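Structural description and commentary
Residues per chain, in single letters:
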Amino acid sequence: MDISVATPKALPRSLFRSDATQRILAFTALIVLIVVFSLASPNFLQFNNIIGILLATAVNGVLALGVTFVIITGGIDLSIGTVMTFSAVMTGVFITFWQLPIPVGLIGGIATGAFAGFINGVVIAKMKIPPFIATLGMMYVAKGLSLVISNLKPIYFNDTPEFRQIVMGSALGSIFPQAQVLQIPNAVLFLFGAALIASFILGRTILGRYTFALGSNEEATRLSGVNVARWKIAVYALGGTFAGLGGVMMASRLNSAQPALGQGYELDAIAAVVIGGTSLSGGEGTIMGTIIGAFVMSVLVNGLRILSVPQEWQTVVTGAIVILAVYLDILRRRKS
Amino acid sequence: MSDVLVTMEGIEKSFPGVHALSQCQFELRKGEVHALVGENGAGKSTMMKVLAGVYTKDSGRVIYKGKEVDIHTPRAAQLLGISMIHQELNLMPHLTVAQNIFIGREPRQSVKFVLDDKAINDNTQQLLDMLHLKIDPRTKVADLTVAKQQMVEIAKALSFNSEVLIMDEPTAALTEAEIDELFRIIRRLREQGVGTVYITHRLEELFMISDRVTVMRDGQYVGTVNTTETNRDEIIRMMVGRTIYEAAPDIPQNGQQDKLLEVKNLNRGRVLKDINFYLKRGEILGFAGLMGAGRTEVARAIFGADPIDSGEIYIQGKKVHIKSPSDAVRYGIGYLSEDRKRYGLTLGMDVEANVVLAAFKKFLGFLGVVNNSRTRMTADEFVRTLSIKTPSLKQKVKNLSGGNQQKLVVAKWLIADTDILIFDEPTRGIDVGAKSEIYKLLNDLAHQGKAIIMISSELPEILRMSHRIIVMCEGRITGELSSAEATQEKIMKYATERGGIIQADDAPVPAAYSEVGNV
């Protein structure tokens, strides 16, 4: 009877279940990219170039961690790029203008991002404005505030040379001065540290659980007695916190807060999240996938640059990759 | 009187266009199973949603364990010990069974923010063992059958130590064996003193399980009787009250034998398997089956709303390729979705705009300017012929009653020159009185030579309206009955005739969630 038809269909379904598919795919793509670029150019696997890739991934990766939470709830956050900049500018205000101690400046910068995210959450959950519009508004508000506060000029951290060491110094390198491999900047440690924390929050805490629940079936979550608005606000605030961390890292790396920077970073972060297998329709996603996605993006850009592909074309390729990733997500969804 | 758990009296509730509850009352005692019956739209679910905190009543009193309470949220109800299992399952498909059951009150570790997943899974295992359910707490809910998902909902409700458990049509998607299992659980709860409200429209069930029966009709309380002191006929009399339906339709066997639509070997993934049927001019073809049987999917496939894997569609004998709804409209097929508010009407616009929307091209004059006097004339004509009750053509559609909204959708498709009309649950959410008007309209349309497919979950509706009945179960057509031979029992037999061998190694798609995934 139909059994011959049913069995082969049932097999791949159980093998390729849930979000694992795209994560494996993204990981394979990352390996393929690395192999292709290292064959194409001997410079690709040079130590300095690898450090360059890691540094380039650090900020985008941290931003993408926050966006992962937001997208799992079925929402979107377009403001993280300029919120990142806003946080950097505020860090400059705290440390350079007000001459507060560096740790206070760092916490102040991160708190700025968290606050912007909190406002996003309130606007979305309480005023019921769709995430796309609410965060688009915040994108402009944060951008404008950065320009106003900095008076359109970069804020430098020249009085506090230690500030730059936060991200660009190498804690591991100073502990093991002999080991050349360990001379990696702290920014990389920040990225993996933040990823571990994000992974813990997503997998083991109440906030992570509700992040999935909201994206899976918001109405059912509400009917189960969960205070949906409160947790949504928490998710956007968390996204803002990661943007704040990204802003501090960016400021440290550039030794300055550049108020005109930032717009466009949100799209890189969203792209990393989607490439990593987090579904834009909500309910599924992983931190591991996002980190892989962030590396796919930066390896691609780096490799194309080494092969002397003009920057304009790098942008075109990035865009095409994002569309491909979303299309794969849709295909996967349609099958089930 | 001390054993009275809940008393509801003078309950009023209105929605835009519908007076859902008017002066309703209800009483639930400790350790009783109280069946709440009535036709669709009688207000049973609304009444219980007021008790469960889903809806807020407009006026009236709810007394729980001797104290007047005001329940505004589902959480407030749960904390009082009142849980409701909704007709449409309320689960998070991406989460596991255990995560679903403990959503909102997860056991934490000593650090309050951190979940104790071991405790969640262990507690769930205990709960499932208590109910003799063989489900792994770590299974994702999306991977369970609809019946198992329902059991998860029950386990969830019980985990609240509820004293009041409300079940809204719990058996709609269950097999006989699963229903027995459910009743076993309900009886055990009764021994423990839980008050159970059992909403149903299957009369045979209430005699098996209930102690008392309350009947509602048209949003009003009719009466409460002890199950042992009543019988089926009395309850039906209370439910119907007056003759609402017309007699069985005079079936126009008017010699029109040409097959307007024929579907051959239609397949779509795991949702539709080998669908074959035809539809004649002037015929009303009923599609019966349980929730998730694939009836709506057949309609959507024919209408080009979902892609098909294989199969052929013939219209007036000619093979056609329908790839999108606009193709379908060109071939004269109209689909009236079960969810009119979402897919059938633009609620914020007025009557006139809605009526002409589907056939806008017809009303365009020189340079694409809309000919307003012609749209007004046409809208006016259809409002009169279909006797749509509206104060004016400029009335916003959201202010019309459900029945009149449904007629408006019909008008829309008639103007678009459709010959084949597919009605998906045409009377869902419509006041009982307005139903008979919809039935009359369907009959009139068939008389005029339109071919009609009517998908309905209400067996009396299917039996009264259809010339022929096709019954589906789990994506297959399991039976076809002529109106002469059809009975509720025969339809139910076909509707529960599951695939057998296929089941063994290939779990059925939980229909409720495969939809969610596609959004």
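Residues numbered from 1 in each chain as written. Chains lettered and ligands numbered in written order. Predicted model: local features only at pLDDT ≥ 70, side-chain atom pairs only at ≥ 80, totals over all residues. Heavy atoms only, no water.

1. Points about the overall build of chain A
- Each helix and strand counted, chain A has 15 helices and 2 strands in total.
- Whereas a compact globule of 336 residues would reach a radius of gyration of roughly 20 Å, chain A reaches 21 Å, a difference of no more than 12%.
- For chain A, the C-alpha atoms occupy an extent of roughly 80 × 55 × 40 Å along the three principal directions.
- Counting every position in chain A, which comprises 336 residues, the buried fraction comes to 53%.
- Just so you have it, chain A exposes about 14,700 Å², and 71% of that area is on carbon and sulfur atoms. (Helix = DSSP H or I, 4+ residues; strand = E, 2+ residues; numbered from the N terminus. Rg over C-alpha atoms; globule rule 2.2 N^0.38 Å. Buried < 20%, exposed > 50% of the residue type's maximum accessible area, 1.4 Å probe, protein only. Areas by Shrake-Rupley, 256 points an atom, 1.4 Å probe, with all protein chains shown as cover.)

2. Details of the environment of Ala-119 of chain B
- As for its placement among the helices and strands, Ala-119 of chain B is situated in helix 4 (residues 117–130).
- Sequence spacing of Ala-119 of chain B and Leu-367 of chain B is 248 residues, and the spatial spacing of their C-alpha atoms is 70 Å.

3. As for the environment of Val-274 of chain A
Residues and elements named next belong to chain A.
- Along the chain, Val-274 falls in helix 13 (residues 265–275).
- It is 14 Å that separates the C-alpha atoms of Val-274 and Ser-298, two residues lying 24 residues apart in sequence.
- Not counting the four nearest positions on each side in its chain, Val-274 is found in contact with Gln-22, Leu-280, Ala-325 and Val-326. (Contact = heavy atoms within 4.5 Å.)

4. Concerning the sheet that holds strand 10 (residues 220–226) of chain B
All names here are of chain B.
- Strand order across the open sheet formed by 6 strands is 6-7-8-3-9-10, with mixed pairing between neighbours. Both outer strands of the open sheet, strand 6 (82–85) and strand 10, are each paired with one neighbouring strand and no more. Across the sheet, the mean angle from the axis of one strand to that of its neighbour is 20°, orientation sign disregarded.
- Strands in contact with helix 1 (residues 44–51) are strand 3 (33–37), strand 6, strand 7 (164–168), strand 8 (195–200) and strand 9 (212–217); relative to strand 8, the strand with the most contacts, it is inclined by about 150°.
- Here helix 6 (residues 176–191) sits on the sheet and contacts strand 3, strand 7 and strand 8; the angle it forms with strand 8, its principal contact strand, is near 150°. (Pairing = 2+ DSSP bridges. Axes fitted to C-alpha atoms, helices over the stretch in contact; angles between N-to-C directions.)

5. Quick notes on the packing of aromatic side chains
All names here are of chain B.
- Counted under the stated rule, the structure contains 10 aromatic pairs over all chains.
- Here the aromatic rings of Phe-277 and Phe-287 are separated by 5.2 Å at their centres, their planes lie at 75°, and the arrangement is edge-to-face. Of this pair, Phe-277 sits in strand 12 (residues 272–280) while Phe-287 sits in strand 13 (residues 284–289), and the two are 10 residues apart along the sequence.
- For Phe-287, a relative accessible area of 1% gives the class buried.
- Here Phe-303 and Tyr-335 contribute two aromatic rings whose centre-to-centre distance is 5.6 Å and whose plane-to-plane angle is 45°, an arrangement assigned as tilted. (Phe/Tyr/Trp six-rings, centres within 6.5 Å; stacked < 30°, edge-to-face > 60°.)

6. Concerning the sheet that holds strand 11 (residues 259–268) of chain B
Residue and element names in this part refer to chain B.
- Here 4 strands make up an open sheet; going across it, the order is 12-11-14-15 and the pairing antiparallel. Edge strands, defined here as strands with exactly one partner in the open sheet, are strand 12 and strand 15 (318–320). Across the sheet, the mean angle separating the axes of adjacent strands is 20° when strand polarity is ignored.
- The pairing of strand 11 with strand 14 (residues 310–315) spans 5 bridges and is antiparallel. Across the sheet, the residue bridging to Lys-264 is Glu-312, located in strand 14.

7. What about the environment of Ala-194 of chain A?
Residues and elements named next belong to chain A.
- Considering the arrangement of structural elements, one finds Ala-194 in helix 9 (residues 186–204).
- For the pair Ala-194 and Val-62, spaced 132 residues apart in the sequence, the C-alpha separation amounts to 6.8 Å.
- Dropping the residues within four chain positions of it, Ala-194 is found in contact with Val-62, Leu-65, Phe-242 and Leu-245.

8. Here we look at the pairing of strand 12 of chain B
All names here are of chain B.
- In this sheet, strand 12 lies alongside strand 11 in antiparallel orientation, the contact comprising 6 bridges. Residue pairing for strand 12: Glu-262 is matched across the bridge by Tyr-278.
- Between the end of strand 11 and the start of strand 12, which pair antiparallel, lie 3 residues, with Gly-269 showing a positive phi angle near 50°.

9. Some words on the packing of helix 4 (residues 80–97) of chain A against helix 12 (residues 228–254) of chain A
Residue and element names in this part refer to chain A.
- Where helix 4 contacts helix 12, the axes come no closer than 7 Å and their chain directions differ by 55°. When the axes of helix 4 and helix 12 are compared, the pair comes out oblique. The interaxial crossing formed by helix 4 with helix 12 has right-handed handedness. Only Gly-239, Ala-243, Gly-244, Gly-246, Gly-247, Val-248, Met-250 and Ala-251 of helix 12 make contact with helix 4, whose side of the interface consists of Ile-80, Val-83, Met-84, Ser-87, Ala-88 and Thr-91.
- When the residues that make up the contact of helix 4 with helix 12 are grouped by side-chain class, the tally is 8 nonpolar, 6 polar and no charged. (Parallel < 35°, antiparallel > 145°, perpendicular 65-115°, else oblique. Left-handed = near helix turned anticlockwise from the far one by under 90°. Nonpolar A, V, L, I, M, F, W, Y, C, P; charged D, E, K, R; others polar.)

10. Focus: the pattern of salt bridges
Residue and element names in this part refer to chain B.
- Per the counting criterion, the structure on display carries 27 salt bridges over all chains.
- Between Glu-32 and Arg-212 there is a salt bridge, and its shortest N-O distance comes to 2.9 Å. Highlighted residues: Glu-32 in the loop between strand 2 (18–29) and strand 3 and Arg-212 in strand 9, separated in sequence by 180 residues.
- Taking the relative accessible area as the measure of exposure, Glu-32 reaches 5% and is therefore buried. (Salt bridge = Lys/Arg side-chain N within 4 Å of Asp/Glu carboxyl O.)

11. Some details on the domain arrangement of chain B
All names here are of chain B.
- The domain architecture assigned to chain B consists of domain 1 (1–81 + 162–242), domain 2 (91–160) and domain 3 (259–347 + 418–513).
- For domain 1 versus domain 2, the separation of C-alpha centres amounts to 26 Å.
- Of the residues lining the interface, 15 residues belong to domain 1; the matching set on domain 2 comes to 13 residues.
- Counting the surface domain 1 buries against domain 2, the share from its top three residues, Gln-78, Ser-162 and Ile-185, is 32%.
- At the junction of domain 1 with domain 2, the criterion picks out 0 salt bridges.
- The interface formed by domain 1 and domain 2 contains 5 residue pairs in polar contact (both at pLDDT 80 or more). (Domains from an automatic or database assignment. Buried area = accessible area lost by both parts, 1.4 Å probe. Polar contact = N/O pair within 3.5 Å; in protein donor to acceptor, adjacent residues only side chain to side chain.)

12. Section: the packing of helix 5 (residues 102–125) of chain A against helix 6 (residues 131–150) of chain A
All names here are of chain A.
- Here helix 5 crosses helix 6 at 145°, and the two axes come no closer than 9 Å. The chirality of how helix 5 crosses helix 6 is right-handed. Judged by residue contacts, Ala-116, Ile-119, Asn-120, Val-123 and Ile-124 of helix 5 engage Pro-131, Ala-134, Thr-135 and Met-138 from helix 6.
- Class assignment of the residues belonging to the contact of helix 5 with helix 6 gives a composition of 7 nonpolar, 2 polar and no charged.

13. Observations regarding helix 3 (residues 47–72) of chain A
Residue and element names in this part refer to chain A.
- The terminal C-alpha atoms of helix 3 lie 35 Å apart, and with 26 residues this matches the ideal 38 Å at 1.5 Å per residue to within 8%.
- Helix geometry: helix 3 is bent most strongly at Ala-58, by close to 35°.
- Positive backbone phi, at 90°, marks Gly-74, one or two positions downstream of helix 3. (Expected span 1.5 Å × (residues − 1). Bend = angle between axes of the 7 residues up to and from the residue.)

14. Some thoughts on the pairing of strand 9 of chain B
All names here are of chain B.
- Taking burial as the measure, the 6 residues of strand 9 include 5 buried ones, the bulk of the element.
- With 4 bridges joining them, strand 3 and strand 9 adopt parallel strand pairing. Along strand 9, the bridge assignment pairs Ala-35 with Val-213.
- Of the pairings in the sheet, the one linking strand 9 to strand 10 comprises 6 bridges and is antiparallel in character. For Arg-217, the partnering residue across the bridge sits in strand 10 and is Gln-220.

15. Re the confidence of the model for chain A
- Per-residue pLDDT for chain A averages 89, and the proportion of residues at 70 or more is 93%.
- Below a pLDDT of 50 lies the segment residues 1–18 of chain A, which in the model reaches 19 contacts outside its immediate sequence neighbourhood of four places, other chains included. (pLDDT = per-residue confidence, 0-100.)

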